[in-house]
There are 2 protein chains.
Amino acid sequence: MTNSTTHWTTLYKNINIATMTEASNSYGIINQGALAIATGKIAWLGKESDLPYFDENTVEVIDGNNQWLTPGLIDCHTHIIYGGNRANEFELRLQGASYEEIANNGGGIVSTVNATRQASENELFNSALKRLTAMQQQGLTTVEIKSGYGLDLNTEIKMLKVATKLSEKLAITVKRTFLGAHALPIEFKNNANGYIDLVVNEMLPQICAQKLADSVDVFCEGIGFNLAQTERVFKAAKRHNLPIKVHAEQLSDLGASELAAQYQALSSEHLEFLSEKGIKAMAQADMTAVLLPGAFYFLRETKLPPIEQLRKNNVAMAIASDANPGSSPIHSIQLMLNMACTLFRLTPIEALAGITCNAAKALGIDNHTGMLKVGFDADLALWDISQPAELCYQFGVNPLTTLIKQGKSIL
Amino acid sequence: MTNSTTHWTTLYKNINIATMTEASNSYGIINQGALAIATGKIAWLGKESDLPYFDENTVEVIDGNNQWLTPGLIDCHTHIIYGGNRANEFELRLQGASYEEIANNGGGIVSTVNATRQASENELFNSALKRLTAMQQQGLTTVEIKSGYGLDLNTEIKMLKVATKLSEKLAITVKRTFLGAHALPIEFKNNANGYIDLVVNEMLPQICAQKLADSVDVFCEGIGFNLAQTERVFKAAKRHNLPIKVHAEQLSDLGASELAAQYQALSSEHLEFLSEKGIKAMAQADMTAVLLPGAFYFLRETKLPPIEQLRKNNVAMAIASDANPGSSPIHSIQLMLNMACTLFRLTPIEALAGITCNAAKALGIDNHTGMLKVGFDADLALWDISQPAELCYQFGVNPLTTLIKQGKSIL
């Protein structure tokens, strides 16, 4: 990267910029701004009146029509690769069926695991492609996708391969998370420790050997895995030099966030039942709190995550869709912005930081994306709005007019 | 309409049909079905195996690929024509500003009234066109739009003219509702009766003379108009032979639904605080209960409308977006399906009936649209789903593949 303008390929002029370089403190606004791209990176940004000399014959100059430019959006917690769907179970429950009747009708995560195991790699790819395409059209340039509906080696690998292919197909960065410890497969009924053996001794080594995962996640919960089992997975992740994430404190406070902090995890996610102690531990370890308003909404949770204490302790807050067939069949990061404000009372600045700079931090990629900064990836979204808060306030009319991934126009 | 197949222009084959002809009792499913269109109406529908002879040389035969066909969707309560937006107020509130501070910053409905008065007809048309286009892409073939941000004769007329033009532009049926009695304009501060004089003596006669309204609505509420004022508007509507609708029992129980029943109103809308007495009166008068989950969500209301009692009393329930800049800046009928189920616990059958047959009933047009039935308008939506409940269960991936308005393909 050089300061010279000779490598510039594209220049956006007549734009308002929300750089998101100040975390949740401000949008980092530059009015009447301009931004130049060189070799897929941001080469210059600032006031249009401060533009250095450049050769108009070699740079494509684009008039932004006074629209708003933000970092490309990041959905840092999703489960969008799965077989089947759970519409049937959704309908049965609303018709008054009991959980037992639903289980007898093959409902619950077991049904998704079965359908995912039965689906071919191609089928999984095609159904996830529809979802990710819709999500990209909302402004995403990066998405995290978890495995965890296979719960056996072959299917977990199949899911992670699909995640890799989606990235290639759609010009979107996909960060792949191995979530073998998502639920207990029926083959291991009453033998959770035996399943964790499989996860740490067979699955993780083979997945690492094939370079299929960028991080490791565990669902630590009464209906998931206990603290000791969670720690075994964390230790294995450390041995393989993979960053750690955790589904924690969603339905009860097991102290998984504190444990994750001891392992320098990137993030702890859900967090409705997070304790003061957990918050302090996360702050100390500079972890990101990933909040999931879609699951909160869909499960009709009433306990809010401890937003005010997270704020006071300067824990970075990210927002994600948690898109999954069971507890958040909602594939819209724009809706998450509105729900983060409406349900969790985040400010629009916090919500937007939650799907840009703080989402990048939750994925450990905040050194090159999630903010508009010289040298960062030219991952950009251009919006037909009058102020950034409009992205959070209104929903249903997609104001995205241009999406740029590493300098290339995608939409 | 003749039973002959000689007038058929288009035939959809290889489709599953949800006729919605049985209100909330069932989807009215025809598997392996077919549907024929002649002169913009449904000419035949049934099992493909029961198709009568037709001339394949004169009929366009379309393979529906085993997708699902439903009536085109109907959003029967919206306020999508307005100037400005309230993103600023939304942000201030989340930053902790008091209502007084927001009012001092020009917030509240007053700000929308000012912006709507100041906007040209063209500006109002263009901003509403964006909203309605996004809504149509979700499957709408009919929408209701209310005036009520002018609160003076000229602006109310301007809004209703824009509504008329939107219908012509988008090939969507727009039912226009005069809602002069939406709020008290500042010119009439402390003189609500004087404003009602204007509404009934000047606005309504002139709007009727120009044939700009299809129905009349009133916001009966502590912050709107009282029962006596509401009744004056109802009487005036009756004199002008316009059907009546009412915003009622949203924040308190004033008995507006009972009053509306006495005037054979089409519908009463919002209804969180509706009493048993109001329900009985609505049932007696065959009124439709229009439920608005978007406003419930956005205002963080906790009191649910009395769904179970409405069911028991066989009051037809419709669902609508209430799309408006203050209490539901949400332009998505598909999201309303999910919210009706998730927040109000409607079954998917009830939710889908709520935006098809029952929404048509709420607009008084259920004799020709909202169901798939021979002789009805060929207003159709084709969906890439495996079962109707999917329309309610998942959100974010738009499964609409074809939209037909009066026999013509729109999308």
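Scroll up to find the structure.
Draft legend 1. Representation of the sheet that holds strand 9 (residues 215-219) of chain A. Residue and element names in this part refer to chain A. The strand order across the open sheet built from 8 strands is 6-7-8-9-10-11-12-13, with neighbouring strands paired in parallel fashion. The open sheet has two edge strands with one neighbour each: strand 6 (73-75) and strand 13 (317-319). Averaged over all adjacent pairs, the angle separating strand axes in this sheet is 25°, with direction ignored. Inspection of the sheet shows strand 12 (residues 288-291) paired to strand 13 by 3 bridges, in the parallel sense. Looking at strand 13, one finds that alanine 289 is bridged to methionine 317. Relative to the sheet, helix 5 (residues 153-170) contacts strand 7 (140-146) and strand 8 (173-181), its axis offset from that of strand 8 by approximately 170°.

Draft legend 2. The arrangement of the pairing of strand 14 (residues 380-383) of chain A in detail. Residue and element names in this part refer to chain A. Residues Leu380 and Leu382 of strand 14 are buried on one face, and the alternating residues Ala381 and Trp383, pointing to the opposite face, are buried as well. Here strand 5 (residues 68-71) pairs with strand 14 via 4 bridges, running antiparallel. Looking at strand 14, one finds that leucine 69 is bridged to leucine 382. Two strands pair when backbone bridges link them, and strand 14 and strand 15 (residues 400-405) are joined in this way by 4 bridges, in the antiparallel orientation. Of the residues in strand 15, the one forming a bridge with leucine 382 is threonine 402.

Draft legend 3. Quick peek at the relation of the copies chain B and chain A. Rotating chain B by 180° about the axis while translating it 0.0 Å along that axis superimposes it on chain A, leaving an RMSD of 0.0 Å. Given the turn and translation reported, the copies of this chain are related as if by a two-fold rotation axis. Of the residues that chain B buries at the interface, 100% are likewise interface residues in chain A, meaning the two copies contact each other through the same surface.

Draft legend 4. Structural view of the interface of chain B and chain A. Taken together, the contact pairs 42 residues of chain B with 42 residues of chain A. Note on chain B versus chain A: buried area summed over both sides is about 3,800 Å², and carbon and sulfur give 60% of it. Among the residues chain B hides against chain A, the three largest losses belong to Leu94(B), Tyr297(B) and Tyr393(B). Together they make up 21% of the total. The interface formed by chain B and chain A holds 2 salt bridges in total. As a salt-bridge pair, Lys130(A) and Asp384(B) come within 2.8 Å of each other at their nearest N and O atoms. Linking chain B with chain A are 18 residue pairs in polar contact (both at pLDDT 80 or more), by the criterion used here. The set of elements that each furnish at least two residues to the side of chain B that touches chain A consists of helix 1 (87-94), helix 4 (121-136), helix 10 (293-298), helix 12 (333-342), helix 13 (348-354) and helix 15 (390-393) of chain B. Per-class residue counts for the side of chain B that touches chain A are 22 nonpolar, 12 polar and 8 charged.

Definitions and cut-offs
Residues numbered from 1 in each chain as written. Chains lettered and ligands numbered in written order. Predicted model: local features only at pLDDT ≥ 70, side-chain atom pairs only at ≥ 80, totals over all residues. Heavy atoms only, no water. Pairing = 2+ DSSP bridges. Helix = DSSP H or I, 4+ residues; strand = E, 2+ residues; numbered from the N terminus. Axes fitted to C-alpha atoms, helices over the stretch in contact; angles between N-to-C directions. Contact = heavy atoms within 4.5 Å. Buried < 20%, exposed > 50% of the residue type's maximum accessible area, 1.4 Å probe, protein only. Least-squares fit on C-alpha atoms with pLDDT ≥ 70 in both. Buried area = accessible area lost by both parts, 1.4 Å probe. Salt bridge = Lys/Arg side-chain N within 4 Å of Asp/Glu carboxyl O. Polar contact = N/O pair within 3.5 Å; in protein donor to acceptor, adjacent residues only side chain to side chain. Nonpolar A, V, L, I, M, F, W, Y, C, P; charged D, E, K, R; others polar.

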